[in-house]
Amino acid sequence: METITINSHVGQDGILRLDIPVNISNADLTVTIIVKPSDNYQQESKPKGKGWPANFFEETSGCLKDSPLIIDSEGVFYDLEDLTMLGFSTNPTYGF
């Protein structure tokens, strides 16, 4: 068993590409990779979870407290019976 330590760079695409000469040919190998950021690595503010930027909710929570949103009307509501007469399904999978 041999331990090989290399320094490499991950490109903009986030994919690490490795070309490591091992001086072994025509053999099956078990390769173990440990990914450790370098000491000067700084995490960028990238979207996490469902695409929200880091600290989005902490930075925007309460931002409308001085000028709240005003809703003019509650919109148009349809009677489900009227929709079925028009040929629409009341099945919940269709959003009605």
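Everything that follows concerns the structure shown earlier in this document.
Residues numbered from 1 in each chain as written. Predicted model: local features only at pLDDT ≥ 70, side-chain atom pairs only at ≥ 80, totals over all residues. Heavy atoms only, no water.

This part covers the overall build of the chain. A count of helical and extended segments in the chain gives 2 helices and 0 strands. Put simply, the chain has 96 residues, and 1% of those count as buried. Total accessible area computed for the chain in this model is approximately 10200 Å², and 53% of it derives from carbon and sulfur atoms. (Helix = DSSP H or I, 4+ residues; strand = E, 2+ residues; numbered from the N terminus. Buried < 20%, exposed > 50% of the residue type's maximum accessible area, 1.4 Å probe, protein only. Areas by Shrake-Rupley, 256 points an atom, 1.4 Å probe, with all protein chains shown as cover.)

Each aromatic ring pair is summarised here by two numbers: the centre-to-centre distance and the angle between the ring planes. Under the criterion given, the structure shown has 1 aromatic pair. An angle of 80° between the planes, with centres 5.2 Å apart, marks the rings of Phe56 and Phe57 as edge-to-face. When its relative accessible area of 49% is taken as the criterion, Phe57 is described as partly exposed. (Phe/Tyr/Trp six-rings, centres within 6.5 Å; stacked < 30°, edge-to-face > 60°.)

The next point concerns a nonpolar patch on the surface. Together, Ile4, Ile6, Val10, Leu16, Leu18, Ile20, Ile24, Leu29, Val31, Ile33 and Val35 line one region of the surface with nonpolar side chains, adding up to about 980 Å² of accessible area. Mapped onto the fold, Val10 is located in the segment before helix 1 (56-60). (Patch = residues over 30% accessible without salt bridge, like charges linked within 9 Å, V, L, I, M, F, W, Y side chains within 5 Å. Salt bridge = Lys/Arg side-chain N within 4 Å of Asp/Glu carboxyl O.)

Once that is clear, we can look at the pattern of salt bridges. The full count for this structure, using the stated rule, is 1 salt bridge. Its salt-bridge partner being Asp13, residue Arg17 comes within 3.1 Å of it at the nearest N-O pair. Arg17 sits in the exposed class, given a relative accessible area of 55%.

By the element assignment, Leu16 lies in the segment before helix 1. For the pair Leu16 and Val35, spaced 19 residues apart in sequence, the C-alpha separation works out to 9.8 Å. Ignoring anything within four residues of it in the chain, the contact list for Leu16 reads Ser8, His9 and Val10. (Contact = heavy atoms within 4.5 Å.)

The next point concerns unusual backbone geometry. Even without being glycine, Asn23 reaches a positive phi, approximately 60°. Turning to its location among the elements, Asn23 is positioned in the segment before helix 1. The backbone of Asn26 shows a phi angle near 50°, a positive value even though the residue is not glycine. Tracing the backbone through its elements, the reader meets Asn26 in the segment before helix 1.

Bear in mind that shape data such as this cannot, by itself, settle questions of function.
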